[in-house]
Amino acid sequence: MEKFVITGGTPLKGVVNISGAKNAAIAIIPATLLVEDECILENIPDIKDVNIILDMLSCLGAVVERIDKNTVKINATNLHTYIVEKDLASKMRASYYLLGALCGRFKKASVALPGGCNFGIRPIDQHIKGFEALNCKIGIKSGSVEVDASLLSAGHIYFDKVSVGATINIMIAAAKAPGVTVLENAAREPHVVDVANFLNSMGANIKGAGTDTIKITGVEKLHGGTYGVIPDQIEAGTYMFAAAATRGDVTIKNVIPKHLDAITSKFVEMGVEVIEGDDEVRVIATKELKKINVKTLPYPGFPTDLQPPMVALLTTVSGTSIVTESVWDSRYQYVSELGKMGAQITVDGRVAVIEGGTPLLGAEVVATDLRAGAGMIIAGLCASGETHISEIKYIDRGYEDVEEKFGALGADIKRIDD
Ligand code: EPU
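A brief structural summary. As the structure is a computational prediction, the values presented were derived from the model and not from experiment.

### Observations concerning the site of the ligand
Near the ligand there are 25 residues, and of these D125, Q126, S163, D305 and V327 occur at the shortest range. A distance of 3.1 Å is found between an oxygen atom of the ligand and a side-chain nitrogen or oxygen belonging to K22. Between an oxygen atom of the ligand and a main-chain N or O atom of V164, the distance comes to 2.8 Å. If the ligand stood free it would expose 820 Å²; the protein chains cover 93% of that surface. At a threshold of 2 Å from the grid points, most atoms of the ligand map onto the largest pocket. Going through the elements one at a time, α1 (22-31), α5 (125-133), α6 (164-174) and α12 (370-382) are the ones with two or more residues in the shell around the ligand.

What follows is the structure, encoded as structure tokens:
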């Protein structure tokens, strides 16, 4: 079992390059199944979740080739099945995107119920509502979601809840559904827009992605091509938090600063300086920081995936800060790990109250999920002494070259085989 060993106390300094967006890549890769031709995807992060979804495509019969570390060629001309077995699908939540893609391609899909990080109940009712509106029959049989899309056609869907996954899944399924599909109360995250841009670049007709109403005019066929994935907003945010928490000075390159506005505005409120360039942000945290209150929200609100890094930062800021998680039911499992390091945090339902400014001390902690793992790294970088983080397989799911990137900023972080 691998671990990270971090010796904290060094302010991070230097430049870090951000990789392609995980949550865009793991939706765009399944969407290539709609294309009976060659797709070349650039800026694909070299992370575990991407490898899992590529394996799923290979099992369906797609020819998948890594041209280099961050470029993948996929040819899905000769698929031989529409069934995704449990051992693969249960490895990640995003396997549900194969439902939309296989319906568009085969008019049939069978995908075992998705796995993924445990944040409480993770229903798929909005996906089901969307497929039904597209005239599909959908049901759950022996642990698999089965869709009969033989009558797939356009529909009008008002999502009861803003869902990134349901918005993307139904957009993929509707790309080749005859007629005009309208999605209302759609998610507006940058990766929703990126999936729409990918599909449009292959010949789809999708308008309005990035707003809460998306219109998809179904086309008969998509063609191949080359597409570059956007930079990872959450990875960029993670390095912004690490810079602020260690009171460092870090330039985060290859980002879209607009995607980081929710973080930048909170940083400004706290007294962290953020200098925006065309495709970079520089984070300087030399002044004393002020406590704040934060609520996670769908985009353009403060992202839930940066809630653990935010809590880690707030443990270093004197005073009482309040964080409210409004997206997931249960995303504070990691707080007890921060407690082992001396953090003073109480959680009541969706609200965490952080009494910041007490010194963090190195400890043996566990990464309870991907973004919790990022929070533990940040806490470890701020703590005195050694922090040992286990279960780093979660961190490897979503962060490319994490110890190399932090190491280049002056962090003392080592991967060891325990
Ligand atoms: N929800 C429903 N019904 C549904 C779908 C979702 O009630 O049918 C609820 C969820 O339970 C949750 C909320 O709606 O309370 C938002 O869920 P959403 O569908 O937006 O989440 P997701 O698509 O499953 C993606 C990211 C998550 C990120 C969320 C929110 C991927 C693969 N995952 O999940 O990212 O937290 O959006 O932004 O894109 C991560 O990267 O670490 C991660 C967990």
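There's plenty left to go through after this.
### Some thoughts on the pattern of salt bridges
Across all of its chains, the model carries 24 salt bridges by this definition. Ionic pairing is found between R415 and D396, a salt bridge with its closest N-O pair at 2.9 Å. Of this pair, R415 sits in strand β24 (residues 412-417) while D396 is found in helix α13 (residues 393-398), placing the two residues 19 residues apart along the sequence. In this structure D396 comes out as buried when scored by relative accessible area, which is 15%. What you see here is one network of salt bridges that share partners, running through E2, D396, E403 and R415.

### Overview of the sheet that holds strand β1 (residues 2-7)
Within the open sheet, the four strands sit side by side as β22-β23-β1-β24. Their pairing is mixed. Strands with a single pairing partner mark the edges of an open sheet, and in this sheet they are β22 (364-366) and β24. Across this sheet, the average inter-strand angle for adjacent strands is 25 degrees, counted without regard to direction. Sheet topology note: the β1/strand β23 (residues 386-390) ladder contains four bridges and is antiparallel. Within β23, the position partnered with V5 by the bridge is H388. Strands in contact with α12 are β1, β22, β23 and β24; relative to β1, the strand with the most contacts, it is inclined by about 35 degrees.

### Focus: the side chain of N185
Inspection of the secondary structure puts N185 in the loop between β11 (180-184) and α7 (190-201). Among the polar contacts made by the side chain of N185, one reaches the main-chain carbonyl oxygen of F159 at a distance of 2.8 Å. Not counting residues within four places of it along the chain, the set of residues in contact with N185 comprises Y158, F159, D160, K161, V162 and D212.

### Topic: the pairing of β1
Both β1 and β24 contribute to a ladder of six bridges, which runs antiparallel. Bridge pairing in β24 links T7 to D412.

### Let's talk about the layout of surface pockets
Approximately 1100 Å³ is the volume found for the largest pocket. Together, 46 residues line the largest pocket, and Y96, R122, V164, V327 and W328 are the ones closest to its centre. For the lining of the largest pocket, the secondary-structure elements that each account for two or more residues are α1, α5, α6, α8 (233-245) and α12. As for the second largest pocket, its lining consists of 14 residues, and the residues nearest its centre are A245, T246, R247, T316 and C382. Each residue belonging to the lining of the second largest pocket can be placed in one class, and the counts come to six nonpolar, seven polar and one charged.

### Considerations on α7
Taking 1.5 Å per residue, 12 residues should reach 16 Å; α7 reaches 16 Å between its end C-alpha atoms and fits that length. Taken together, the buried positions of α7 are occupied by P190, H191, V192, D194, V195, A196, F198 and L199. Two residues or fewer after α7 comes G203, characterised by a positive phi angle close to 110 degrees.

Each value, and the rule that gives it
Residues numbered from 1 in each chain as written. Predicted model: local features only at pLDDT ≥ 70, side-chain atom pairs only at ≥ 80, totals over all residues. Heavy atoms only, no water. Near = heavy atom within 4 Å. Polar contact = N/O pair within 3.5 Å; in protein donor to acceptor, adjacent residues only side chain to side chain. Areas by Shrake-Rupley, 256 points an atom, 1.4 Å probe, with all protein chains shown as cover. 1 Å grid on protein atoms, 1.4 Å probe; cavity = no way out; pocket = protein on both sides within 12 Å on 5 of 7 lines; lining within 4 Å. Sits in = over half its atoms within 2 Å of the grid points. Helix = DSSP H or I, 4+ residues; strand = E, 2+ residues; numbered from the N terminus. Salt bridge = Lys/Arg side-chain N within 4 Å of Asp/Glu carboxyl O. Buried < 20%, exposed > 50% of the residue type's maximum accessible area, 1.4 Å probe, protein only. Pairing = 2+ DSSP bridges. Axes fitted to C-alpha atoms, helices over the stretch in contact; angles between N-to-C directions. Contact = heavy atoms within 4.5 Å. Points joined across faces, edges and corners; volume = space filled by probe spheres on them. Nonpolar A, V, L, I, M, F, W, Y, C, P; charged D, E, K, R; others polar. Expected span 1.5 Å × (residues − 1).

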